[in-house]
Amino acid sequence: MSHSHSPAPASNLKMGLPIPNSKLGMWLFLGTEIMFFTAFIGSYIVLRLGSQGWPTDTEVTHIKVFWGGLNTFVLILSSYFVVIAHESMSLKDFDKARKFLTLTFVLGIVFMGIKGYEYYGKFDHDILPGRIPENNRQAGMKAVRELDAILDKTGIAQMRIELASPDVTPERSAELNAAVATLADFETDVKGFRKNVVEDRFDLNTKTGYERMEHSLEELKTKHPDRTSSVHHPQVILYGNIFASCYFLMTGFHAIHVIVGLILFGLVLKQGANLDETWTDWVENSGLYWHFVDLVWIFLFPLLYIV
Amino acid sequence: MAYRDTAHHEHEHHEVKYVYIFIALCVFTGLSILVDALHGLPYAAKVVGVLAVAAAKASCVMLWFMHLKFEGNWKFILLAPTTILAIGLPIALMPDVAVNYYIKDVPQVDDYEQAMAHAPGGHSAPESSEDHPPNTEQPAPEKSH
């Protein structure tokens, strides 16, 4: 630009705010981020208070208070390390800054690891939006759908079609008959269970009816353990789907923010021994962002894990 | 940019023992878990307790870790709109919370309450030929609330 070659004005006039543009930008961005998460948290509060019930039993929802608490500690510790890193950058102690940024990065990974473990529990027990039965009949139908899917995968229906074909060779026929024979028992049990649920022979609108269905399913699973290992316990969770939606929406977006933070710190760490004062603003702004991520978790932890 | 150096020096002049803030945050986290563990506590007291602790933790992070305590008055101008909007949003949603116009007669509530009323119906037992016999001696399943 042409004016860059002209001598600097001697005036003490300062335009704008007394902070670097990047820091101003970060704070404006954080302002929008506050709105972003306020919308989620506000919706969660409305949905929760507007519902007659809410799953709060951690045994049922597979919410791990200890691991959530540990993750809170991990983020707080990482926030503390970022502050130390930024202070070291200001004091031009870049080795110390790099050390603490590395620790922050590691703690971010630890946070994601614990989050992954918690998510694994949710996926393993099928605590997922749209997949949770909210009454006994839905629980029975879910078990039927899962069993039907397993039965379909065995290919028994296709084998029967092939057996009925006039072109099948005697060798192939014997092979298919043997395969069908091994599956016939499982097929009978699945069909029996399906019939009892679909025709409501268990009387699923009653507690004892639910217990009958549950016992029947357990018996079937005990009889065919290898085939039915993926069938979930038909746990009824009233308002479980909206709970799971809120949980995954809020913790998921938070986790995305953690990943972005890791990228920001990763870019600094990539400088290695070349880290110098030109990165001070970057570390400060990334630090502000990271503290915000910590701040969100400070509210998500009590709202989702304790209340 | 002359103000850049000013901003950095500003921080260096404030000797903050960040480790104390960190310890305070850890104590607050422990307090949250303690409130959760107190079984005799009324639910409302628990909610207010953990949210108050969360607010205290958030204040610590914003004031010291994010340096807002030491920043100039620009922080008020910059954060006022978002703060007003963030407070305004829950207030705008308040009618939803307070009026609570949701229909109470949703099917799953009816079904669930009926099921919980443990009233065995007059339905036929499952077929014994290919199905499993009913066993009412099984322990009651753990149900959600």
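Please read these numbers as outputs of a predicted model, since none were measured by experiment. (Residues numbered from 1 in each chain as written. Chains lettered and ligands numbered in written order. Predicted model: local features only at pLDDT ≥ 70, side-chain atom pairs only at ≥ 80, totals over all residues. Heavy atoms only, no water.)

Q: Would you explain the overall build of chain A in this entry?
A: Scanning chain A from terminus to terminus reveals 10 helices and zero strands. Seen through its C-alpha atoms, chain A measures out along the principal axes to roughly 100 × 55 × 35 Å. For chain A, the proportion of its 307 residues judged to be buried stands at 55%. Restricting to contacts in chain A with at least 6 residues of sequence separation, those with at least 24 account for 79%. Only carbon and sulfur atoms are counted for the fraction: they give 63% of the accessible area of chain A, which is about 13,600 Å². A distance of 2 Å separates the average location of the 27 positive side-chain charges in chain A from that of its 33 negative side-chain charges. (Helix = DSSP H or I, 4+ residues; strand = E, 2+ residues; numbered from the N terminus. Buried < 20%, exposed > 50% of the residue type's maximum accessible area, 1.4 Å probe, protein only. Contact = heavy atoms within 4.5 Å. Areas by Shrake-Rupley, 256 points an atom, 1.4 Å probe, with all protein chains shown as cover. Lys, Arg positive; Asp, Glu negative; His and termini not counted. Charge placed at Lys NZ, Arg CZ, Asp CG, Glu CD.)

Q: Could you clarify how one ought to interpret the overall build of chain B in this entry?
A: The number of helices and strands found in chain B is five helices and zero strands. Burial statistics for chain B: of 145 residues in total, 30% are counted as buried. Long-range contacts, defined here as pairs at least 24 residues apart, represent 61% of the contacts in chain B between residues at least 6 apart. Carbon and sulfur atoms make up 66% of the accessible area of chain B, which amounts to about 8,800 Å² in all.

Q: Looking at this structure, how should I read unusual backbone geometry?
A: Trans is the prevailing form of peptide bonds, just as negative phi is the prevailing case for residues other than glycine. Residue and element names in this part refer to chain A. You will see that Asp126, though not glycine, has its phi angle at about 60 degrees, which is positive. Relative to the helices and strands, Asp126 resides in the loop between helix H4 (94-124) and helix H5 (136-154). Classification of Asp126 as buried rests on a relative accessible area of 3%. Even without glycine at this site, Asp200 takes up a positive phi of about 50 degrees. Take Asp200: it is sitting in the loop between helix H7 (170-198) and helix H8 (207-223).

Q: Explain helix H2 (residues 18-37) of chain B to me, please; I cannot follow it from the model alone.
A: An α-helical segment advances 3.6 residues per turn. Residues three or four places apart therefore align on the same side. Here H2 of chain B is 20 residues long and its end C-alpha atoms lie 29 Å apart, about the 28 Å a rise of 1.5 Å per residue gives. The set of residues buried in H2 of chain B consists of Tyr18, Ile21, Phe22, Leu25, Thr29, Ser32, Val35 and Asp36 of chain B. Buried positions in H2 of chain B, seen along its axis, are confined to an arc of 140 degrees and lie on one side of it. With respect to the buried face of H2 of chain B, the exposed residues turned more than 90 degrees away are Tyr20 and Val27 of chain B. In this structure, the buried residues of H2 of chain B make contact with helix H3 (65-90) and helix H10 (280-306) of chain A together with helix H3 (43-65) of chain B. (Expected span 1.5 Å × (residues − 1). Arc of directions from axis to C-beta.)

Q: So what exactly am I meant to see when it comes to H3 of chain A here?
A: All names here are of chain A. Its 26 residues place the ends of H3 38 Å apart at the C-alpha level, agreeing with the 38 Å of an ideal helix rising 1.5 Å per residue. Burial of H3 is extensive: 21 of the 26 residues sit out of reach of the surface. Looking one or two residues beyond H3, the residue adopting positive phi is Lys92, at roughly 60 degrees.

Q: Which parts of the structure should I look at to understand the side chain of Asn136 of chain A?
A: Residues and elements named next belong to chain A. Relative to the helices and strands, Asn136 is located in helix H5. Judged by its relative accessible area of 3%, Asn136 is buried. Of the polar contacts made by the side chain of Asn136, one reaches the backbone oxygen of Leu204; its length is 3.0 Å. (Polar contact = N/O pair within 3.5 Å; in protein donor to acceptor, adjacent residues only side chain to side chain.)

Q: It is not clear to me how the packing of aromatic side chains should be interpreted in this structure. Could you clarify?
A: Each aromatic ring pair is summarised here by two numbers: the centre-to-centre distance and the angle between the ring planes. Residues and elements named next belong to chain A. Tallying each qualifying case throughout the model produces 28 aromatic pairs over all chains. Relative to Trp54, the ring of Tyr44 has its centre 6.0 Å away and its plane inclined at 80 degrees; by these criteria the two rings are edge-to-face. With Tyr44 in helix H1 (residues 21-50) and Trp54 in the loop between H1 and helix H2 (58-61), this pair connects stretches of sequence that are 10 residues apart. Both rings, one in Trp297 and one in Tyr305, keep their centres 5.8 Å apart while their planes meet at 65 degrees; by these two values the pair is edge-to-face. (Phe/Tyr/Trp six-rings, centres within 6.5 Å; stacked < 30°, edge-to-face > 60°.)

Q: I tried to follow a nonpolar patch on the surface on my own but got confused; where do I start?
A: All names here are of chain A. On the surface, Ile259, Ile263, Leu267 and Trp282 cluster together into a nonpolar patch covering about 330 Å² of accessible area. When residues of the nonpolar patch are assigned to their parent elements, the largest contribution, three residues, is made by helix H9 (residues 240-269). Mapped onto the secondary structure, Ile263 falls in helix H9. (Patch = residues over 30% accessible without salt bridge, like charges linked within 9 Å, V, L, I, M, F, W, Y side chains within 5 Å. Salt bridge = Lys/Arg side-chain N within 4 Å of Asp/Glu carboxyl O.)

Q: Got a minute to help me understand the pattern of salt bridges in this structure?
A: Oppositely charged side chains may form a pair once their charged atoms are brought near each other. Throughout the structure, instances matching the rule amount to 15 salt bridges over all chains. For Lys191 of chain A, the salt bridge goes to Glu187 of chain A, with nearest N and O atoms at 3.4 Å. Highlighted residues: Lys191 of chain A and Glu187 of chain A, both in helix H7, separated by four residues, approximately one helical turn. Exposure remark for Lys191 of chain A: the relative accessible area of 39% places this residue in the partly exposed category. Linked by salt bridges that have partners in common, Lys23 and Glu284 of chain A together with Glu71 of chain B make up one network.

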